[in-house]
Amino acid sequence: MNTINSDLKEVIESVKAYIELDRASGIDEYFVAQKKSDSRSPGLNLGYGCTLESLKQEVMGCKRCSLHKTRHNIVLGAGNPKAELMFIGEAPGEDEDLQGLPFVGRAGQLLTKIIEAMGFKRSDVYIANILKCRPPNNRPPLPNEIEECEDILKKQIDIIKPKIICTLGKFASQTLLRTETTISALRGHFKEYNGIKLMPTFHPAYLLRNPNDKKLVWSDMKKIMKELKIVAK
Ligand code: SF4
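These numbers come from a predicted model, not from an experiment.

Rules behind the numbers
- Residues numbered from 1 in each chain as written.
- Predicted model: local features only at pLDDT ≥ 70, side-chain atom pairs only at ≥ 80, totals over all residues.
- Heavy atoms only, no water.
- Near = heavy atom within 4 Å.
- Nonpolar A, V, L, I, M, F, W, Y, C, P; charged D, E, K, R; others polar.
- Salt bridge = Lys/Arg side-chain N within 4 Å of Asp/Glu carboxyl O.
- Buried < 20%, exposed > 50% of the residue type's maximum accessible area, 1.4 Å probe, protein only.
- Helix = DSSP H or I, 4+ residues; strand = E, 2+ residues; numbered from the N terminus.
- Axes fitted to C-alpha atoms, helices over the stretch in contact; angles between N-to-C directions.
- Parallel < 35°, antiparallel > 145°, perpendicular 65-115°, else oblique.
- Contact = heavy atoms within 4.5 Å.
- Pairing = 2+ DSSP bridges.
- Expected span 1.5 Å × (residues − 1).

Help me out: how do you make sense of the site of the ligand in this one?
Around the ligand sit Cys-62, Arg-64, Cys-65, Leu-67, His-68, Arg-71, Lys-132, Cys-133, Glu-148, Cys-149 and Ile-152, and those are all the residues in its vicinity. Its residues assigned to classes, the shell around the ligand shows six nonpolar, one polar and four charged.

Can you help me understand the pattern of salt bridges in this one?
A side chain with one charge may pair with a side chain of the opposite charge, provided their charged atoms come close. According to the stated counting rule, one finds seven salt bridges in the structure shown. One salt bridge connects Glu-145 with Arg-139, and the closest N-O pair in it is separated by 2.7 Å. With relative accessibility at 0%, the residue Glu-145 sits in the buried group. The partner of Lys-197 in a salt bridge is Glu-227, with the nearest N and O atoms 2.9 Å apart. Residue Lys-197 is found in strand E6 (residues 196-201), and its partner Glu-227 is found in helix H9 (residues 214-227); the two are separated by 30 residues along the sequence. Take Glu-227: its relative accessible area is 35%, and that puts it in the partly exposed class. In this structure, a network of salt bridges that share partners links the residues Arg-64, Glu-148 and Asp-151.

What should I look at first to understand the packing of helix H5 (residues 143-160) against helix H6 (residues 169-177) in this one?
When two helices pack together, their arrangement is given by the angle between their axes and by how far apart the axes lie. Across the interface, H5 lies against H6 with an axial gap of 12 Å and an inter-helix angle of 80 degrees. For the element pair H5 / H6, the angle class is roughly perpendicular. Facing H5, whose interface residues are Ile-146, Glu-150 and Leu-153, H6 presents Phe-171, Thr-175 and Leu-176. Residue composition of the contact of H5 with H6, grouped by class: four nonpolar, one polar and one charged.

Explain the sheet that holds strand E5 (residues 191-193) to me, please; I cannot follow it from the model alone.
Adjacent strands of a sheet form backbone hydrogen bonds with each other and so pair up, either parallel or antiparallel. Strand order in this open sheet of six strands is E1-E3-E2-E4-E6-E5, and the pairing throughout is mixed. Two strands lie at the open edges of the sheet, namely strand E1 (78-79) and E5, each paired on one side alone. Against the sheet, H6 touches strand E2 (85-89), strand E4 (164-168), E5 and E6, its axis set at about 130 degrees to E4.

What is the right way to read unusual backbone geometry from this model?
Leaving glycine out, the prevailing phi sign among residues is negative, and the prevailing peptide bond configuration is trans. Its identity is not glycine, yet Asn-138 carries a phi of approximately 55 degrees, on the positive side. Although it is not a glycine, Arg-178 sits at a positive phi angle of roughly 50 degrees. Relative to the helices and strands, Arg-178 resides in the loop between H6 and helix H7 (183-186). Its relative accessible area of 56% is what places Arg-178 among the exposed residues.

Could you clarify how one ought to interpret helix H4 (residues 106-117) in this entry?
Structural remark: α-helix, 3.6 residues per turn; residues separated by three or four positions point the same way. With 12 residues, H4 should cover 16 Å at 1.5 Å per step; its first-to-last C-alpha distance of 17 Å lies within 8% of that length. Among all positions in H4, only Ala-107, Gly-108, Leu-110, Leu-111, Thr-112, Ile-114 and Ile-115 are buried. Packing partners of the buried residues in H4 comprise E2, strand E3 (126-129), E4, helix H8 (204-209) and H9. Looking one or two residues past H4, Gly-119 carries a phi angle of roughly 100 degrees, positive in sign.

Have a look at this one:
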């Protein structure tokens, strides 16, 4: 015990001596170095066997990025949890934010028509977005928002295991394919995302402004139908 006390005394004395030396040289403030940490939020706490329902519980109330401050609802996705075909768009818009469902505005109605023309019902496929909360005034998503939210989408894809992913528009296509190639160059050609065939095509909101390009989207959908061995009715 005495040895410990004398060791401690020695340490205190040497610290005092350092402080006094610093004071003599004009230093009277000290800062504690913070341990550097990964600024990203911890990953999702979901392991093997998780379902869309358990994912929903985990994500409910998510505050991983600042979009939680302005959203009304988290728009996780909707549709068949065992869908062969999964559509992925950019982010919820105003209608989607208010209703908590993806693609329910004008663009969503056009997507429904496309899905039905392929011979599906909306409930046969799964529809989601890269971001689950609406960016204010529909501004483009920011890199940190994508980084924080992408885990949720990855988990959705893991659970659903679609045969084909169809990305809607430039943003979703470029994000999943990690490319800056334009959507005009990407669309119409199957790519691969983690072993799953991925068809990039135009976003339905773009088609509302450019109806002449609907035929290009239909030709992309026909490639998907051929891959899934679906014959249009
Ligand atoms: S956008 Fe995604 S990461 Fe950001 S708060 Fe919403 S659910 Fe969480």
